[in-house]
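If you want the building blocks of each chain, they are given just below.
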Amino acid sequence: MNLREQDVQSHTNFSDGKNTVIEMVDAAVQAGLRSIIISDHAKGWITRDGTKFEFFPKYERYAEYLDQIENAKTAYSDKIEIFSGLEIEVDIQGNPKLEKGILEYTQRHGNPRKFGVDILLGSIHSESFEEDCDSFGISDQNRRAELVNNMVNLIRNKEIDIFAHPFQVLHGQFSDNLTNEESEKIISAFRSECRSGHNVLFELNGKKYPWYEQWAYNKYEKGEMKTHDVNFLRLYKAQGGRFVIGSDAHSIKGFTETDFSILDELHLEKSDIFIFS
C-alpha cells in the first residue's frame, strides 16, 4: 500500500534548496508523487561563523516566488497538484518569524490569509530556539520546559497547518525524546485546538540522519536513536491525530533519498494520512 501520494515539504533555490521550482516539481512527478507543497523558508538565519542568509529581503523576491509556483501549477496541471507554502519558524511566544519581503507583500495586498500561500508549515529549529532563549533571557536549566511551551504555542497558532519535523529541536538541543509529562502537555494542546476547529497535522519527515539535529546525528547513524519520537506519535494517533508525509527535499534527489520506515512502525493506513486537496 502506497501511503506517500503527497509530499508536504520541499525547498527550492528561493531559500536553501539547490534547484528551481520547476526542477523540483518535475522531480516530484518523476518520483511518482500526485501532489507537492513547495515550502521554502520564510526567514533566513545567521550561522555560528557569522554567515547571514536572507531569502526574501524584498517584496519583489517574494512576489516572484509566488508567481513561479502559480506558473508551475498551470504548466503541470495535468501531471501533479501543486500547492504554495512556507515553512515558518515559530518563536517561543508563538509568533511567526518573517523576512521583510513577506511583510511588505502582506501589507501591500491587504494582509492576505497565510501570507498569500496555500499551506503553512510551522517549525522550530535548534539554532533559532537558541537565539530566542538568548533574546528572552531563558536560563539553561529552564530551556527544556521553555521548548515544550514553544511547541505548544506553535500548535496554538491558528495559521499553522502542519507541525514540520516536530522533534528536530528536541533532538538538536537535548538528544532526547519527550517525557510522558511533556507528551501529555503537547497532546492536551492538540486536543484543545481540535475542539476549536483548528487541526494541526504532524509531519512524518523522511530525511535520513538529518545533519541539522547536531547532537543526535551520531546516535541516528549508530542506531541508538530514531529520527521520530515513536511513543509520542502513537499517543498522537490514539487521540485521532492524522499525519502528513514530507521528504524535506532540498534538491531533486531529495524526493527519493528518504527513509519512511516510520510508516510501517506505526502501522499506518490510508485513513491515517491527511491529503490536502
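So, how was this worked out
- Residues numbered from 1 in each chain as written.
- Predicted model: local features only at pLDDT ≥ 70, side-chain atom pairs only at ≥ 80, totals over all residues.
- Heavy atoms only, no water.
- Helix = DSSP H or I, 4+ residues; strand = E, 2+ residues; numbered from the N terminus.
- Rg over C-alpha atoms; globule rule 2.2 N^0.38 Å.
- Buried < 20%, exposed > 50% of the residue type's maximum accessible area, 1.4 Å probe, protein only.
- Contact = heavy atoms within 4.5 Å.
- Pairing = 2+ DSSP bridges.
- Arc of directions from axis to C-beta.
- Lys, Arg positive; Asp, Glu negative; His and termini not counted.
- Salt bridge = Lys/Arg side-chain N within 4 Å of Asp/Glu carboxyl O.
- Axes fitted to C-alpha atoms, helices over the stretch in contact; angles between N-to-C directions.
- Parallel < 35°, antiparallel > 145°, perpendicular 65-115°, else oblique.
- Nonpolar A, V, L, I, M, F, W, Y, C, P; charged D, E, K, R; others polar.

Asker: How would you sum up the overall build of the chain? Please name residues and give values.
Answerer: Within the chain, the regular secondary structure consists of ten helices and seven strands. Computed over the C-alpha atoms, the radius of gyration of the chain is 18 Å, within 12% of the 19 Å expected from 2.2 N^0.38 for a compact globule of 277 residues. Its C-alpha atoms give the chain principal-axis dimensions of roughly 50 × 45 × 40 Å. In the chain, which comprises 277 residues, the proportion classed as buried is 55%. Counting contacts in the chain only where the partners sit at least 6 residues apart, residues at least 24 apart contribute 80% of the total.

Asker: Explain the sheet that holds strand 7 (residues 243-246) residue by residue, including any values.
Answerer: Pairing is parallel across the open sheet formed by seven strands, whose spatial order is 1-2-3-4-5-6-7. Two strands bound the open sheet, and with one partner strand each, they are strand 1 (6-7) and strand 7. Alignment of strand 6 (residues 201-205) against strand 7, held across four bridges, turns out to be parallel. Its bridge partner lying in strand 7, Leu204 is registered against Ile245.

Asker: So what about helix 3 (residues 100-108)? Which residues, and what values?
Answerer: Regarding helix 3, the residues found buried are Gly101, Ile102, Tyr105 and Thr106. Across the axial projection of helix 3, the buried residues extend over an arc of 135 degrees, all falling on one side. Exposed residues on helix 3 whose side chains face more than 90 degrees from its buried face are Lys100, Gln107 and Arg108. Contact partners of the buried residues in helix 3: helix 2 (59-75) and strand 3 (81-89). Positioned one or two residues after helix 3, Gly110 has a phi angle of 75 degrees, which is positive.

Asker: Tell me about the side chain of Glu203, residues and numbers included.
Answerer: On the secondary structure map, Glu203 appears in strand 6. Although buried, Glu203 forms no salt bridge, and the nearest oppositely charged side chain, Arg4, lies 9.3 Å from it.

Asker: Describe in detail the packing of helix 2 against helix 3, supporting the description with residues and values.
Answerer: Contact geometry for helix 2 and helix 3: axes closest at 7 Å, N-to-C directions at 75 degrees. One element, helix 2, and the other, helix 3, form an angle in the roughly perpendicular class. Counted together, Tyr59, Glu60, Tyr62, Ala63 and Leu66 of helix 2 and Gly101, Ile102, Glu104, Tyr105 and Arg108 of helix 3 form the full contact between these two elements. Its residues assigned to classes, the contact of helix 2 with helix 3 shows six nonpolar, one polar and three charged.

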